[in-house]
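Okay, here's what each chain looks like letter by letter:
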Amino acid sequence: MGGKLPRPGRLTVWFEEIGRGDVGRVGGKNASLGEMVQALAPRGIRVPPGFATTAEAYWDFMQANQLKERIQDLLGDLVAGKAALAETGQAIRELFLHGDWPEETAAAITTAYRELCQRTGKAEVDVAVRSSATAEDLPDASFAGQQETFLNIRGDKALLVACRRCYASLFTDRAISYRQAKGFDHMSVALSIGVQQMVRSDLGGSGVMFSIDTETGFKDVVVIDAAWGLGENVVQGAVDPDEYQVFKPLLSDPALAPIIGKKCGDKAQKMIYADGDKPTRNVPTSKIESAAFVLEDREILTLARWATAIESHYGCPMDMEWAKDGETGETFIVQARPETVQSRREAAAFRSYTITRKGRKLTTGLAIGDAVVAGPVCLIESARDIADFVDGAILVTGTTDPDWVPIMRRAAAIVTDHGGRTSHAAIVSRELGLPAIVGTGNATEVLHDEQVVTVSCAEGDQGFVYEGTADVETEMVDMTNLPETHTKIMLNLANPAAALQWWRLPADGVGLARMEFVVGNHIRVHPMALVHYDQLKDEAAKREITELTVGYADKTEYFVDRLARGVARIAAALYPKPVIVRMSDFKTNEYAGLIGGAQFEPEEENPMVGFRGASRYYSPLYREGFALECRAIRRLRNEMGFRNVIVMIPFCRSTHEADRVLEVMAENQLRRGEDGLEVFVMCEIPSNVILAAEFAKRFDGFSIGSNDLTQLTLGVDRDSAELAGLFDEQDAAVKWMISNVINAARKSGAKIGLCGQAPSDHPEFATFLVECGIDSISVSPDSFIAVKRKVAMAEAAGKKRWEKNHESQ
């Protein structure tokens, strides 16, 4: 490799010398790294130093070894059907692996490497060697994991071997098939190699980050996946990582911590440095590592702020990889590229799926996409058995890597044991438009070949596999030409997991966020059982609580933390529009069903009109539980920044009770009017209507609960099958109640809305509410479009009547 010296910049170039305009020369990944070093490093975003080989170096290698004609001949045989894909790919890769480096190219790479050693102060700096194809990460072709990455490479000789392997990886089986599918000419794509100082994340942690919600396309959230050790396990889906979600609009205030989601993955293994031929190896994590979060809150917020800055600089949602150095504690961005699926999705219309009948739940994991698919299972446990895949089946496997792409294309859906939202299986499924459920933990054990199942990704961020073929209703939600309405149309939401999927609806806020759903499904423990854990008599409940609260030194913090984050997802979906959060409104029998709950609840003959709502909040039997609810709301508003949250008190029987509840709230630092806090009251008892003017002095607004108001006005048990015919929200007595409370609220200057199904079930009821002058109507998301149109028609008809009457006068 003698004395020919390279011309600077022709064959290698430093990251700081390139930018995003250099994709044709150094590929998407390397151009992006250069762009960040140039433009974003001055803003505090750390990127490890390094250099790239150019496309010219690749073509020099091809020419020196006379590869172009030989590769074209091999590809010609493949197209003509004379050779199989695996045979062709292997033959082309062998050509690269046995090729000789041109002297000038080898000298350019080793010279740059030695300078990198000098820059970092290390005799033989350990580097990551990454492929960067010149057609990679273009908006129409994400090439997820098509080319190879080699970690912990040291020394001239090892570096040149790794670079040769990078060139060969341009012709892996999956890369060949991918380019053919996307219509790229194999001979027009070159490969640049990025050589970058390794971050010692083998001693720390690493992962992937998106500046957009990868499932719903919600643009105001950063999603971060994290695992211990080197990042390949997260990318490949070999571990179930931690997942953090951060709300972007509130990141600009350094005093706030808007982390709206934190899930601890089991992170069963980690990739570390190794000795000998293999530079890395996987080892099991300790129990402490598995149970601990990889990142502290401050690190999560720093990464999210970096993601926001990177997105702002590039002007589009971004897909990034990050690494935390275990020696220095510093965090770095090691890759950034445009997100290529959700950011290109049509926002004006989307498909909505509703399951009306389903079989037994077989397994669950993270939902990728939002569709529902039924079909037979095809269980493939090893890449060796890929040829056995049945077209159109549901692919079930442990995990996927890029070798699986050819059969993933032919699947109806994909289910894996391992992986997070940023794993290979998840990324490719999104790109192919397939529903997938990743990280089930047991799919390959509980599902079997030819078993007919339904894969549902339409129920929020959790995906479910059901036995048999479910009945599914599909609706195309078209938001074009939606009319404007004076009456605000809001949403009823309860499930934090599904809240973000409705961000596209042009709703005026959330008229009812049900706290008890979050408690029942995301917390599951009775708050008093956490306050008085030591006094619990139910040993089974005690064990369950111990398991659920792992990582929380204070068991009550488990309740506050999960409640605050659960409601935060609902508050984020339509921020900064108002979100009315109803404090818990379980009946005693429902509270008793929570873990540890039976000990703290009285038995009642008629819980529907028993110890519920406001009466609990100041009672010694629940006052400490209500204090935890207040703590969660305080954190949500003051520490996370969701000042759009309005508190609502349910089932408040008298003005005296209202005063007592407001006093207890004030004791818990929630004072009406302070820091803009508004407090509403449910109007669901006749006394709320009769004394509406007095209630209006104590509350900022009313929300009519038409179900309870109908029940208590007509004396009809709404759960009684025998009396179902008498339960009518449009009964004259109920309409009198509603009309009078709307009138009283308007006279008092209080806001008033209604949350219930009646306006969507009965168009004439929507007309009645509009004629009464109601401020807002809150409905379920699937009814939103229909109700919006009905209200617009009612308002237009009312305007015509007014104009007609005005003319006749």
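Just above sits the structure.
**Some words on the overall build of the protein chain**
Part 1: For the protein chain, the helix and strand inventory stands at 29 helices and 30 strands.
Part 2: Relative to its length of 809 residues, the protein chain is compact, with a C-alpha radius of gyration of 30 Å against a globular reference of 28 Å.
Part 3: For the protein chain, the C-alpha atoms occupy an extent of roughly 100 × 60 × 55 Å along the three principal directions.
Part 4: Among the 809 residues that make up the protein chain, the fraction classed as buried is 59%.
Part 5: Pairs at least 24 apart in sequence give 70% of the contacts found in the protein chain among residues at least 6 apart.
Part 6: Accessible area for the protein chain stands at about 32200 Å²; split by element, carbon and sulfur atoms hold 49% of it.

**A word on the packing of helix 4 (residues 85–97) against helix 7 (residues 173–182)**
Packed helix pairs are characterised by how far apart their axes lie and by the angle those axes make with each other.
Part 1: Packing of helix 4 against helix 7 brings their axes to within 9 Å, and their N-to-C directions diverge by 110 degrees. Accordingly, the angle class assigned to the pair helix 4 and helix 7 is roughly perpendicular. In this structure, the crossing between helix 4 and helix 7 has a hand that is right-handed. Across the interface between the two elements, Leu85, Ala86, Gly89, Gln90 and Arg93 of helix 4 pack against Asp173, Ile176 and Ser177 of helix 7.
Part 2: Here the residues of the contact of helix 4 with helix 7 are counted per class, giving three nonpolar, three polar and two charged.

**Regarding the environment of phenylalanine 293**
Part 1: Within the element layout of this structure, phenylalanine 293 appears in the loop between helix 9 (287–291) and helix 10 (297–314).
Part 2: C-alpha separation for the pair phenylalanine 293 and glutamine 599, spaced 306 residues apart in sequence, amounts to 33 Å.

**Some remarks on the pattern of salt bridges**
Part 1: The final tally for this structure, using the stated rule, is 43 salt bridges.
Part 2: Between lysine 267 and aspartate 242 there is a salt bridge, with its nearest N and O atoms 2.7 Å apart. Of this pair, lysine 267 sits in the loop between strand 9 (259–263) and strand 10 (269–273) while aspartate 242 is found in strand 8 (residues 242–247), placing the two residues 25 residues apart along the sequence.
Part 3: The exposure class of aspartate 242 is buried, given its relative accessible area of 0%.
Part 4: For lysine 324, the salt bridge identified is with glutamate 299, shortest N-O distance 2.7 Å. With lysine 324 in strand 12 (residues 318–324) and glutamate 299 in helix 10, this pair connects stretches of sequence that are 25 residues apart.

**Points about empty space enclosed by the protein**
Part 1: For the structure shown, the criterion picks out three cavities of 30 Å³ or more.
Part 2: If you add up the space inside the largest cavity, you get close to 170 Å³.
Part 3: Around the largest cavity, the lining comprises 17 residues; the ones closest to its centre are Arg130, Ser201, Gly231, Ala323 and Val334.
Part 4: Broken down by element, the lining of the largest cavity gets its largest block of residues, three residues, from strand 12.
Part 5: Its residues placed into classes, the lining of the largest cavity shows eight nonpolar, six polar and three charged.
Part 6: Within this model, the second largest cavity holds a volume of roughly 40 Å³.

**Let's talk about the packing of aromatic side chains**
Part 1: Counted under the stated rule, the structure contains 22 aromatic pairs.
Part 2: Pairing phenylalanine 464 with tyrosine 466 gives two aromatic rings, centres 6.0 Å apart and planes at 15 degrees, and the pair type is stacked.
Part 3: Residue phenylalanine 464 is classed as buried on the basis of its relative accessible area of 16%.
Part 4: For tyrosine 466, a relative accessible area of 4% translates into the label buried.
Part 5: One aromatic cluster is present, built from ring pairs that chain together Tyr58, Trp59, Phe61, Phe96, Trp101, Tyr167 and Phe171.
Part 6: Over the aromatic face of phenylalanine 171 sits the side chain of arginine 179, whose NZ or CZ is 5.0 Å from the ring centroid.
Part 7: A cation over a ring is seen here: lysine 542 above tyrosine 533, with NZ or CZ 5.3 Å from the ring centre.

**Topic: the sheet that holds strand 28 (residues 701–705)**
Strand pairing in a sheet is mediated by backbone hydrogen bonds. Such pairs are either parallel or antiparallel.
Part 1: On the basis of which strands lie adjacent, the closed barrel formed by eight strands has the order 23-24-25-26-27-28-29-30 and parallel pairing. Ignoring strand direction, the axes of neighbouring strands in this sheet form an average angle of 30 degrees.
Part 2: Where strand 23 (residues 488–493) and strand 30 (residues 776–779) come together, four bridges link them in parallel fashion. Across the sheet, residue methionine 490 finds its bridge partner in strand 30, namely serine 778.
Part 3: The sheet strands contacting helix 18 (residues 555–573) are strand 23, strand 24 (510–514), strand 25 (579–582) and strand 26 (645–649), and the helix crosses strand 25 at an angle near 155 degrees.

**Thoughts on the sheet that holds strand 17 (residues 394–397)**
Part 1: Pairing within the closed barrel is mixed, and its seven strands lie in the order 15-19-18-17-16-20-21. Here the average twist between neighbouring strands, direction ignored, is 35 degrees.
Part 2: Pairing geometry for strand 18 (residues 413–416) and strand 19 (residues 436–438), over two bridges, is parallel. Looking across to strand 19, one finds that valine 415 is bridged to isoleucine 437.

**With respect to helix 7**
Part 1: All of the buried residues in helix 7 are Arg174, Ala175, Ile176, Ser177, Tyr178 and Arg179.
Part 2: Here the buried face of helix 7 lies against helix 3 (67–79), helix 4, helix 11 (405–408) and helix 12 (424–432).
Part 3: One or two steps after helix 7, the chain reaches glycine 183, where phi turns positive at roughly 80 degrees.

**Observations regarding the state of the cysteines**
Part 1: In this structure the tally under the stated criterion is zero disulfides.
Part 2: With no disulfide of its own, cysteine 166 has cysteine 163 as its nearest cysteine by sulfur position, at a separation of 6.1 Å.
Part 3: Under the relative-accessibility criterion, cysteine 166 is labelled buried at 0%.
Part 4: Looking at cysteine 772, it has no disulfide partner, and the nearest cysteine sulfur is the one in cysteine 683, 13 Å off.

**Examining the side chain of threonine 549**
Part 1: Its place among the elements puts threonine 549 in the loop between helix 17 (539–548) and helix 18.
Part 2: A polar contact of 2.7 Å, which involves the side chain of threonine 549, links it to the backbone oxygen of isoleucine 545.
Part 3: Leaving out residues up to four positions away in the same chain, threonine 549 has contacts with Leu530, Lys555 and Tyr558.

**Considerations on the side chain of aspartate 213**
Part 1: Relative to the elements of secondary structure, aspartate 213 occurs in the loop between strand 6 (205–210) and strand 7 (221–228).
Part 2: No salt bridge forms around the buried aspartate 213; measuring N to O, its nearest opposite-charge neighbour arginine 421 is 5.6 Å away.
Part 3: Aspartate 213 has contacts with Phe218, Val221, Val223, Gln245, Gln342 and Leu500, leaving out every residue within four places of it along the chain.

**So, the environment of valine 446**
Part 1: Tracing the sequence through the fold places valine 446 in helix 13 (residues 443–446).
Part 2: By relative accessible area, valine 446 is classed as partly exposed at 34%.
Part 3: In the structure, valine 446 is positioned 234 residues away from phenylalanine 680 in sequence and 48 Å away in space, judged by C-alpha atoms.
Part 4: Each residue touching valine 446, except ones within four places of it in the same chain, is listed here: Leu362, Thr363 and Gln451.

**Structural notes on helix 4**
Part 1: With 13 residues, helix 4 should cover 18 Å at 1.5 Å per step; its first-to-last C-alpha distance of 18 Å lies within 8% of that length.
Part 2: Among all positions of helix 4, only Thr88, Gly89, Ile92, Arg93, Leu95 and Phe96 are buried. End-on view of helix 4: buried residues confined to an arc of 150 degrees, all on one side of the axis.

**Structural notes on the nonpolar core**
The tendency in soluble globular proteins is for nonpolar side chains to be buried as a group.
Part 1: Ranked by size, the top nonpolar core spans 112 residues in total, and within it Phe642, Ile649, Met665, Phe702, Ile704 and Ile738 carry the most contacts.
Part 2: Here this core takes eleven residues from helix 18, the largest share from any one element.
Part 3: The next biggest cluster of nonpolar side chains, apart from the first, holds 45 residues, and it includes Ile92, Leu116, Ile153 and Ala168.

**Quick look at the environment of asparagine 668**
Part 1: With respect to the helices and strands, the residue asparagine 668 is situated in the loop between helix 22 (655–667) and strand 27 (679–683).
Part 2: In this view, asparagine 668 contacts Ala627, Cys630 and Arg634; residues no more than four positions away in its chain are not counted.
Part 3: Among the polar contacts listed, one links the side chain of asparagine 668 to the backbone oxygen of valine 664, at a separation of 2.9 Å.

Rules behind the numbers
- Residues numbered from 1 in each chain as written.
- Predicted model: local features only at pLDDT ≥ 70, side-chain atom pairs only at ≥ 80, totals over all residues.
- Heavy atoms only, no water.
- Helix = DSSP H or I, 4+ residues; strand = E, 2+ residues; numbered from the N terminus.
- Rg over C-alpha atoms; globule rule 2.2 N^0.38 Å.
- Buried < 20%, exposed > 50% of the residue type's maximum accessible area, 1.4 Å probe, protein only.
- Contact = heavy atoms within 4.5 Å.
- Areas by Shrake-Rupley, 256 points an atom, 1.4 Å probe, with all protein chains shown as cover.
- Axes fitted to C-alpha atoms, helices over the stretch in contact; angles between N-to-C directions.
- Parallel < 35°, antiparallel > 145°, perpendicular 65-115°, else oblique.
- Left-handed = near helix turned anticlockwise from the far one by under 90°.
- Nonpolar A, V, L, I, M, F, W, Y, C, P; charged D, E, K, R; others polar.
- Salt bridge = Lys/Arg side-chain N within 4 Å of Asp/Glu carboxyl O.
- 1 Å grid on protein atoms, 1.4 Å probe; cavity = no way out; pocket = protein on both sides within 12 Å on 5 of 7 lines; lining within 4 Å.
- Points joined across faces, edges and corners; volume = space filled by probe spheres on them.
- Phe/Tyr/Trp six-rings, centres within 6.5 Å; stacked < 30°, edge-to-face > 60°.
- Lys NZ or Arg CZ within 6 Å of the ring centre and 35° of its normal.
- Pairing = 2+ DSSP bridges.
- Disulfide = S-S within 2.5 Å.
- Polar contact = N/O pair within 3.5 Å; in protein donor to acceptor, adjacent residues only side chain to side chain.
- Lys, Arg positive; Asp, Glu negative; His and termini not counted.
- Expected span 1.5 Å × (residues − 1).
- Arc of directions from axis to C-beta.
- Core = buried A, V, L, I, M, F, W, Y, C linked by side-chain atoms within 4.5 Å.

Purely spatial values, then, with no claim about function.
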